[in-house]
Amino acid sequence: MKAYWIRPQGDRPVVELRETPSPEPKAGQVLVRVHAASLNRGELIVRHGIHATPGKPAAEAKPGGAECAGEVERVGAGVTSLAPGDRVMGRSAGGFAEFALMDAREAVPVPARLSWEEAAAIPLVFMVVHDMLIAQGRLRAGEWLLVTGVSSGVGVAAVQVGKLLGARVIGTSGSAEKLARLKALGLDVGIRTRGADFVDAVLEATGGRGADLIVNNVGGTVFDACMRAAAFQGRFATVGYLDGVMRSEIDIEALHTKRLHLFGVSNKLRDAAQRAETVRGFVADVLPAIADGRIRPVVDRVFPFAELPAAVACMESSAHLGKIVVRVSG
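Rules behind the numbers
Residues numbered from 1 in each chain as written. Predicted model: local features only at pLDDT ≥ 70, side-chain atom pairs only at ≥ 80, totals over all residues. Heavy atoms only, no water. Phe/Tyr/Trp six-rings, centres within 6.5 Å; stacked < 30°, edge-to-face > 60°. Helix = DSSP H or I, 4+ residues; strand = E, 2+ residues; numbered from the N terminus. Buried < 20%, exposed > 50% of the residue type's maximum accessible area, 1.4 Å probe, protein only. Lys NZ or Arg CZ within 6 Å of the ring centre and 35° of its normal. 1 Å grid on protein atoms, 1.4 Å probe; cavity = no way out; pocket = protein on both sides within 12 Å on 5 of 7 lines; lining within 4 Å. Points joined across faces, edges and corners; volume = space filled by probe spheres on them. Nonpolar A, V, L, I, M, F, W, Y, C, P; charged D, E, K, R; others polar.

(A) Summary view of the packing of aromatic side chains. One pass over the structure, following the stated rule, counts 2 aromatic pairs. Pairing Y4 with F305 gives two aromatic rings, centres 5.0 Å apart and planes at 75°, and the pair type is edge-to-face. Taken as a pair, Y4 in strand β1 (residues 2-9) and F305 in the loop between β15 (299-304) and α11 (308-317) lie far apart in primary sequence, 301 residues in all. Looking at Y4, the relative accessible area reads 4%, which means it is buried. Between F223 and F236, the ring centres sit 4.9 Å apart and the planes meet at 40°, which makes this aromatic pair tilted. Of this pair, F223 sits in helix α7 (residues 223-228) while F236 sits in strand β13 (residues 230-238), and the two are 13 residues apart along the sequence. Assigned by exposure class, F223 and F236 land together as buried. Residue placement shows R87 over the ring face of W116; its charged tip is 4.5 Å from the ring centre.

Spelled out as structure tokens, the structure:
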């Protein structure tokens, strides 16, 4: 089968098309005939996605594609919940390929109203958003949610789920056009900035209260500003490093006096059972809104499978809003 692999070249990822054997599903897995796969910035950051373990050299190469949508081709031993022909979406092992493996516990049925491209844009971002807004963030109706780097895939999904929960949403972006487009998805307050100069605007919008839940998509350059923009007993999720800055000082006095709760949402060190728990939460709390159309995944561009390198370049340019998808087949 044809599959793309990712390898580091300096600080940039390089994708290579290879001819490889089709994988065989092991116990508890399903083999999926991939129709579409979605790009995620995390796996394209050399120090994060390709660099398997902190402190160790980056791997030479690894299969690319962390999520996909397609039809079940074969099931492994012990899998009774799925059968060949079922339409599924989920986390994948090597989704940038004609066939990919999924843990059966993470394979989610694709709602009938969705295209393959829309389905491929859902799993990772919406499950991460469920983790940080619902499972850990405990976002409630009427609270203020601040999302930095709001035009990213995670950011757009956070706006949609935040509004589903009845929250008021503030987002930062360097693009006035992107902020305007997000207003149609429910963004209440858009702050045009790529830096850390949003604290006063957040306090003004919230009547001096600050944000009850903050999603930091940007990274270390805005970490301190996020803490200053937080409300008393605010929650603060770290999810991305768009700026490439992965360290920051912590204002211990603010952490102490505001009684802040800081948490991360990476799946990198979680085991399969923990990931499956997030899948179940997403299916119960968010998937119904996707199935009935209250939430619609935002796909910015769709590239043919042969043009994956161009899709990666598009993501690196940060010109997109929402998700970039590759159509593999069908």
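(B) A look at empty space enclosed by the protein. In this structure the tally under the stated criterion is 1 cavity of 30 Å³ or more. In this model, the largest cavity occupies a volume close to 50 Å³. Lining the largest cavity, in full, are A121, V125, F126, G153, V156, A157, Q160, P297, V298, G322 and K323. When contributions to the lining of the largest cavity are tallied by element, the ones reaching two or more residues are α3 (123-135) and α4 (153-164). Considering each element in turn, the lining of the largest cavity owes the most residues, 4 residues, to α4. Its residues assigned to classes, the lining of the largest cavity shows 7 nonpolar, 3 polar and 1 charged.

Read these as spatial facts, not as claims about activity.
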